Amino acid sequence: MSCDRCGKSLLIDEPVRYVAMLTVQAAYDALEITAKDLARDHAALARDALARAAGMDAMDLEEQVHAVRTFDLCPGCQREVLDNPAGRGQ
Ligand SMILES: [Zn+2]
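Everything numeric in this text was worked out from a predicted model, so none of it was measured.

Glancing now at the overall build of the chain. Each helix and strand in the chain was counted, giving four helices and two strands. Taken over the C-alpha trace, the chain has a radius of gyration of 21 Å; the compact-globule value for 90 residues is 12 Å, which it surpasses by more than 25%. Judged by the C-alpha coordinates and their principal axes, the chain covers about 65 × 30 × 20 Å. Per-residue burial over the chain gives 6% buried out of 90 residues. Considering only residue pairs separated by 6 or more positions, the chain has 77% of its internal contacts joining residues 24 or more positions apart.

Quick look at the structure:
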């Protein structure tokens, strides 16, 4: 087993390991519905969405909405990830 970030052997080079779980999901914002929205052809919109989805892989579609990744980390990478989880400046 090795650190997914730096490759260091875990439980050999480092007695402690960490598991990081990253969840990325589509954000939901409350909608303000207008008269223009109500006038749209919703059946046509649904047909277009289904047609676009028909040629896509089910996993790709699911990950556009919700994706989870799990990483094993050594103590050094655990600290770095907590200090800079978005990886800014890297
Ligand atoms: Zn590491």
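Okay, back to it.
So, on to the environment of D37. Tracing the backbone shows D37 in helix α1 (residues 35-39). In sequence terms D37 and C3 are 34 residues apart; their C-alpha atoms lie 49 Å from each other.

The next subject is unusual backbone geometry. Notably, L11 is not glycine yet its phi reads approximately 70°, a positive angle. Checked against the element boundaries, L11 lands in the segment before β1 (18-25). For L11, a count of 12 C-beta atoms within 10 Å corresponds to the exposed category.

This part is about the pairing of β1. Counting buried positions along β1 gives zero out of eight residues, so the element sits mostly on the surface. In terms of strand pairing, β1 meets strand β2 (residues 66-73) through eight bridges, oriented antiparallel. Bridging from a neighbouring strand, L22 pairs with R69 of β2.

Looking at the element boundaries, V68 is found in strand β2. Along the backbone, V68 and A58 are 10 residues apart, and their C-alpha atoms lie at a distance of 15 Å. Setting aside its immediate chain neighbours within four residues, V68 contacts M21 and T23.

Taking 1.5 Å per residue, 13 residues should reach 18 Å; helix α2 (residues 42-54) reaches 18 Å between its end C-alpha atoms and fits that length. Counting buried residues in α2 gives zero out of 13 residues, a small share hidden from the surface.

Rules of the game
- Residues numbered from 1 in each chain as written.
- Predicted model: local features only at pLDDT ≥ 70, side-chain atom pairs only at ≥ 80, totals over all residues.
- Helix = DSSP H or I, 4+ residues; strand = E, 2+ residues; numbered from the N terminus.
- Rg over C-alpha atoms; globule rule 2.2 N^0.38 Å.
- Buried ≥ 20, exposed ≤ 12 C-beta atoms within 10 Å, placed from the backbone.
- Contact = placed C-beta atoms within 7 Å.
- Pairing = 2+ DSSP bridges.
- Expected span 1.5 Å × (residues − 1).

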